[in-house]
Amino acid sequence: MFTDRSETLLGEYLELKTQAGQVLRVSSSHLVALRLNDAITYKHASTLQIGDVMLVGAGRQQLASSPIVSVSKQLLRGAFAPLTMEGSLLVDDVAASCYAVVSEHWIGHTAFAPLRALHRVSKSVLDMPAFARQESGLHWVASAMWQLTAAVMPSVVSA
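These figures come from a predicted structure and were not determined experimentally.

**Focus: the environment of Tyr99**
Logical step 1: Topologically, Tyr99 is positioned in strand S8 (residues 94–100).
Logical step 2: Put simply, Tyr99 and Gly87 are 12 residues apart on the chain and 7.5 Å apart in space, counted from C-alpha to C-alpha.
Logical step 3: Leave out the neighbours within four places in its chain, and Tyr99 touches His30, Leu31, Leu83, Gly87, His105, Gly108, His109, Phe112 and Arg116.
Logical step 4: One polar contact links Tyr99 to His109, side chain to side chain, over a distance of 2.8 Å.

Structure (structure tokens):
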């Protein structure tokens with residue numbers, strides 16, 4: 001399932017290059033995994049700087065640390081936000097959160113817990129029309145959750 005999906009959307013993305021050679025292209029509001037004081041944390045891509053240490057793929061289910069060596073902006077087509085059971089994934093061999101807009105990874109992960117639980121209970125539920133993969137745009141569940149959170153707790157979402 002995708003919380004957002006568009007093959008045609010033209011938008012501004014950040015291009016983050018690591019010392020190990022990975023290149024991540026991501027929206028500025030997307031949360032990216034970093035190593036900070038021997039712990040994993042997530043920060044909005046817009047706040048990342050040269051020298052920040054991202055987590056990158058290092059073989060079978062292993063992560064390594066690699067500092068950012070350049071940050072640039074690019075105009076690119078397409079937007080994809082898959083939702084995984086773990087709440088994170090490797091994008092072009094760089095660890096990232098499934099979530100954007102929210103101020104903290106755990107907030108997005110908690111907000112989508114009911115949908116992940118529903119999926120665990122019955123994959124067939126997600127094949128129902130209300131939960132089916134959307135062809136394009138923000139999934140109605142993600143949209144409703146964002147609107148509710150923005151109304152009730154505006155400090156945890158960013159525009």
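Past the structure itself, the notes keep going.
**Quick notes on the pairing of strand S6 (residues 63–82)**
Logical step 1: With 13 bridges joining them, strand S1 (residues 2–18) and S6 adopt antiparallel strand pairing. The partner of Ser6 across the bridge, within S6, is Ala79.
Logical step 2: Pairing of strand S5 (residues 53–57) with S6 involves 5 bridges; the strand directions are antiparallel. Bridge pairing in S6 links Leu55 to Ser65.
Logical step 3: Where S5 hands over to S6, the hairpin turn is made up of 5 residues, of which Gly59 adopts a positive phi near 95°.

**Quick word on the packing of aromatic side chains**
Geometrically, a pair of aromatic rings is defined through the distance of the ring centres and the angle of the planes.
Logical step 1: Inspection of every chain in the model, using the stated rule, returns 1 aromatic pair.
Logical step 2: Plain terms: the ring middles of Tyr99 and Phe112 are 5.9 Å apart, the flat faces sit at 15° to each other, and that makes the pair stacked. Taken together, the residues span a long stretch of sequence, with Tyr99 in strand S8 and Phe112 in the loop between helix H1 (105–111) and helix H2 (113–121) at a distance of 13 residues.

**A word on unusual backbone geometry**
Logical step 1: In this structure, Asp38 is a non-glycine residue whose phi angle is positive, near 60°.
Logical step 2: Positionally, Asp38 belongs in the loop between strand S3 (30–36) and strand S4 (39–44).
Logical step 3: Phi at Asp93 is positive, roughly 70°, even though this residue is not glycine.
Logical step 4: With respect to the secondary-structure elements, Asp93 resides in the loop between strand S7 (88–91) and S8.

Scoring rules and cut-offs
- Residues numbered from 1 in each chain as written.
- Predicted model: local features only at pLDDT ≥ 70, side-chain atom pairs only at ≥ 80, totals over all residues.
- Heavy atoms only, no water.
- Helix = DSSP H or I, 4+ residues; strand = E, 2+ residues; numbered from the N terminus.
- Contact = heavy atoms within 4.5 Å.
- Polar contact = N/O pair within 3.5 Å; in protein donor to acceptor, adjacent residues only side chain to side chain.
- Pairing = 2+ DSSP bridges.
- Phe/Tyr/Trp six-rings, centres within 6.5 Å; stacked < 30°, edge-to-face > 60°.

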